[in-house]
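# Descriptive analysis of the structure
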Amino acid sequence: MSRSRGGTLQSLRAKLSRRVSAALTSLTLLAGGGALAVGTQLATAPPASALDNGINLTPQMGFNNWNTTWCGSQFNEDLVKGMADLFVSKGLKAAGYQYVNLDDCWALPSRDLSGNLVPDPVRFPHGIKALADYVHAKGLKFGLYSSAGTHTCDVQGFPGGLGHEQQDANLWASWGVDYLKYDNCNNMGVDAQTRYKTMGDALKKTGRPILYSICDWGSSGPWNWAQPVGNSWRTTGDISDNWQSMISIAHANQGLSAYAKAGAFNDPDMLEVGNGGMTGTEYRTHFSLWAEMAAPLLIGADLRTAQQETFDILTNADVIAIDQDPLGKQGSVVSSDNGLVVMSKPLADGSRAVTLTNEGSYDATITTTVQAVGIAGAPSYTVKDLWSKKTTTSTGAISATVPGHGTAMFRVTPSTPVPPPTGMSHLSDLPFLAQTNGWGPAERDHSNGDWAAGDGRTLAIRGTAYAKGIGANAPSDISFNLGGTCKNLVTSVGIDDETSGNGSAVFQVFKDGTLAADSGRLTGRDPAKKLTVDLTGAAVLRLVVTDGGDGTSWDHADWAGARIACGNGPAAGAHQLSDLTWTSASNGWGQVEKDMSNGDNQSGDGRTITINGATYAKGLGTNAFSEIVYYLGGACSSLTTDVGVDAEAMGRGTVAFQIWKDGTKVADSGVLNAAAGVKHLTADLTGADELHLVVTDGGDGNNSDHADWAGPVLTC
């Protein structure tokens, strides 16, 4: 809170200006009817561990009086008791709201002779402990306010906590306080981390579990340091009860999704729902976006005079369930196009919460897909509208016509759980279990373009291009469901060439919760680094990118050519290769044929495999250029095969046969023509995840290049 109703908003939307300078200067936005100085700051450090105080594993829910009363005379004991009563009678307690919190102006302007804070006897004639006892008797929790400075933010100058941290914490604990909102005014220029950590340590020493809500308006970039200090941290200045203020604050908070986790949450300020400055449609957007962003839900309206529509919004159980999902992930922006914004939030049951927000003034149809929101892979999906309660089924599209300033919110649930991968897979072809990304969404098969999905370029690191991979921007955290079936990951990592040599990042691979690989710091001038990671037994794979220490500007980080091997290969023993199922097969003419030659056209139009008079009952008939891929899973040791040009080529055709073990060629026939007859090849495949059988043209075009893999036997 800043009592000018301003404070410091973090404009993470001003991405373009970082192209000019990584040290962004301030800009001005209009919000709440006045000009706000907006000091833009970039997130510069990886997420830290959440505060381990055993509380607030999901965002806090409750009431704070500030948006209703400020320091007016109506802020008193009766108001607070009335709110506690209404929490019970109106179903708010049942919906999950717990905390009844006092904001500024609860104390006298001076401490007593012992240096203790003194409750205002006019506002609270029975004292704070009696009020806390009343709230506790309702089965609720009680919160207070202070500031990490010499005085609080109100112009009357109530005592702050700076220099009195342990004394104040002990006093609050003796009163039965369960929640502290700690503001940032009159801080005397003392380092924010020092001030807030001192109070956090004092709260711990009381022995009472007290939720710690850090409120420095985002001015010190608390997302970079506050996770092990407090349970939540303000990311913006104060909200006002109008559309422009609310949506601007949402924009600032959306870019920080990588920093939220269970027990540690970004806080875009209190709810204005029901205060009268926005329409019902706008309030539903407000509530939807706060839930999608895993934000604290602190009611700011006077519930004694609230309309039924306000209670209907605040007690929407389906929307609250999104905010309170135990996975603790903040939703991230999937796409943003001319004010049509799609967000996706991973949920603990494998579903996604999806919001379609129309920031314009007129009705608009907004469409996304299960692939875009990171949940592709199931045959169908249940799509529940969390406001209308209507449920439909989709095979992939998610769409709604949304009124101006409105939001459609859905819970999208796969009909079957997204299966773990099998065989050799490019990570970019697999659904994300969850993803957060510093700028824009993480991209599949192209670099990170900062803004909307699909706006990147071909992945390239120091001049080497990659057709497959994932483009990210620090800080980034992308996870995949492996189901314990995978063996290894192979990927190249580095800063994409689109940064022109700028940027730095650290790439980390986590096997469940354990760090399995670390690239070290890589800059935009370093070559790609290859990582090979053992994934045996891992249920979840996480790809994490953190800043290299110079800010997140230009940290376009590529997981280039990332592939994983999952599942078992062929059973032990000798196998005719044509009896096994290939992963993929491409062919110059017609289809790759099993146990017959290639007849150029339809499947099954070949003849008995014949090379210079020798016939074979088993084998593969191809026509250059051809590539057949089998997944081995490290289970096989060798391949033996005869190769040559099939007799049906009538003496024409020249080809070359190659056997590849993963990315290494292990056998090559050289160029063969029909007169060359049969050539025998043997290849060592020990430890290989994949076998590639390749036939190339001999140099004279691929007409009549009928090439036989004759009697190939795979030993496993």
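What counts and how
Residues numbered from 1 in each chain as written. Predicted model: local features only at pLDDT ≥ 70, side-chain atom pairs only at ≥ 80, totals over all residues. Heavy atoms only, no water. Disulfide = S-S within 2.5 Å. Helix = DSSP H or I, 4+ residues; strand = E, 2+ residues; numbered from the N terminus. Buried < 20%, exposed > 50% of the residue type's maximum accessible area, 1.4 Å probe, protein only. Expected span 1.5 Å × (residues − 1). Phe/Tyr/Trp six-rings, centres within 6.5 Å; stacked < 30°, edge-to-face > 60°. Pairing = 2+ DSSP bridges. Axes fitted to C-alpha atoms, helices over the stretch in contact; angles between N-to-C directions. 1 Å grid on protein atoms, 1.4 Å probe; cavity = no way out; pocket = protein on both sides within 12 Å on 5 of 7 lines; lining within 4 Å. Points joined across faces, edges and corners; volume = space filled by probe spheres on them. Nonpolar A, V, L, I, M, F, W, Y, C, P; charged D, E, K, R; others polar. Core = buried A, V, L, I, M, F, W, Y, C linked by side-chain atoms within 4.5 Å. Contact = heavy atoms within 4.5 Å.

Let us now look at the state of the cysteines. Working definition of a disulfide: a covalent bond connecting the sulfur atoms of two cysteines. Tallying each qualifying case throughout the model produces four disulfides. Each sulfur in the disulfide pair Cys153 and Cys185 lies 2.0 Å from the other. Judged by the sign of its S-S torsion, about 100 degrees, the cystine formed by Cys153 and Cys185 is right-handed. Placement of Cys153 in the loop between β5 (141-147) and α5 (165-175) and of Cys185 in the loop between β6 (179-183) and α6 (192-205) is noted, with a sequence separation of 32 residues between them. Looking at Cys185, the relative accessible area reads 12%, which means it is buried. A sulfur-sulfur distance of 1.9 Å marks the disulfide that ties Cys636 to Cys716. Handedness here is read from the sign of the S-S torsion; for Cys636 and Cys716, about 75 degrees, the answer is right-handed. With Cys636 in the loop between β38 (626-631) and β39 (638-645) and Cys716 in the segment after β44 (706-715), the pair connects residues that are 80 residues apart, well separated along the chain. Under the relative-accessibility criterion, Cys636 is labelled buried at 3%.

All right, on to unusual backbone geometry then. Of the consecutive residues Ala474 and Pro475, the connecting peptide bond is found in the cis state with omega at -5 degrees. In this fold, Pro475 is placed in the loop between β24 (469-473) and β25 (476-481). With an omega dihedral of -5 degrees, the bond running from Ala624 to Phe625 counts as a cis peptide bond. With respect to the element layout, Phe625 can be found in the loop between β37 (619-623) and β38. The phi dihedral of His405 falls on the positive side, at around 65 degrees, and the residue is not glycine. For His405, the location among the structural elements is in the loop between β17 (397-402) and β18 (407-414). A residue is classified by how much of its surface remains accessible, and His405, at 17% relative accessible area, is buried.

A few words on helix α7 (residues 243-254). Between its first and last C-alpha atoms α7 spans 16 Å; for 12 residues at 1.5 Å apiece the expected length is 16 Å, and the two agree. Judged by how many residues are buried, α7 sits mostly within the fold: 11 of 12 residues are covered. Within α7, the full set of buried residues consists of Trp243, Ser245, Met246, Ile247, Ser248, Ile249, Ala250, His251, Ala252, Asn253 and Gln254.

Here the focus is the packing of aromatic side chains. All chains considered together, the criterion is met by 11 aromatic pairs. Taking 6.3 Å as the distance between ring centres and 45 degrees as the angle between the ring planes, the aromatic pair formed by Tyr182 and Tyr212 counts as tilted. With a gap of 30 residues between them, Tyr182 in strand β6 and Tyr212 in strand β7 (residues 211-214) connect regions that are remote in the sequence. The same class applies to Tyr182 as to Tyr212, namely buried. Look at Phe507 and Trp559: their rings are 5.2 Å apart centre to centre, the planes differ by 85 degrees, and that puts the pair in the edge-to-face class. Residue Phe507 is located in strand β27 (residues 504-511), and its partner Trp559 is located in strand β31 (residues 556-566); the two are separated by 52 residues in the primary sequence. Here the two residues Phe507 and Trp559 agree in accessibility, since each one is buried.

Moving on to the sheet that holds strand β15 (residues 381-385). Spatially, the six strands line up as an open sheet ordered β11-β12-β13-β18-β15-β16, and their pairing is antiparallel. The two strands at the open ends of the sheet, each matched to only one other strand, are β11 (332-337) and β16 (391-394). Direction aside, neighbouring strands of the sheet carry axes that sit 25 degrees apart on average. Strand direction decides the pairing type here: β15 and β16, joined by four bridges, are antiparallel. Each bridged residue has a counterpart across the sheet, and for Val383 the counterpart in β16 is Thr392.

Each pocket or cavity is described by its volume, and for the largest pocket that value is around 580 Å³. For the largest pocket, the lining is made up of 28 residues, of which Lys329, Asp477, Ser479, Val540 and Arg542 are closest to its centre. At the level of secondary structure, the elements contributing two or more residues to the lining of the largest pocket comprise β20 (434-436), β25, β27 and β30 (540-547). In terms of residue count, the dominant contributor to the lining of the largest pocket is β30 (four residues). For the lining of the largest pocket, a count of residues per class yields 13 nonpolar, eight polar and seven charged. Taken as a whole, the second largest pocket holds about 420 Å³ of empty space. Every residue lining the second largest pocket is counted, 20 residues in all, and those nearest its centre are Val490, Lys530, Arg563, Asp662 and Gly663. Mapped onto the lining of the second largest pocket, the elements with two or more residues apiece are β19 (423-426), β26 (486-495), β29 (529-534), β31 and β43 (690-697). For the lining of the second largest pocket, a count of residues per class yields six nonpolar, eight polar and six charged.

The strands making up a sheet associate through backbone hydrogen bonding, with each pair oriented either parallel or antiparallel. In spatial order, the strands read β20-β25-β30-β27-β28; together these five strands make up an open sheet with antiparallel pairing. The two strands at the open ends of the sheet, each matched to only one other strand, are β20 and β28 (514-523). Within this sheet the neighbouring strands show an average axis-to-axis angle of 10 degrees, counted without direction. In this structure, β20 lies alongside β25, joined through three bridges in antiparallel fashion. Pairing of Ala434 across the sheet is with Ser479, part of β25.

To continue, consider the nonpolar core. Counting residues in hydrophobic clusters, the biggest one holds 98 residues, and the most contacted among them are Tyr97, Leu102, Trp106, Trp172, Trp290 and Leu303. The dominant element in this core, judged by the number of residues it contributes, is helix α2 (residues 77-89), at six residues. With residues up to four places along the chain from it excluded, the contact list for Trp290 reads Ile239, Met246, Ile249, Ala250, Pro268, Asp269, Met270, Leu271, Ala295, Pro296, Leu297 and Asp323.

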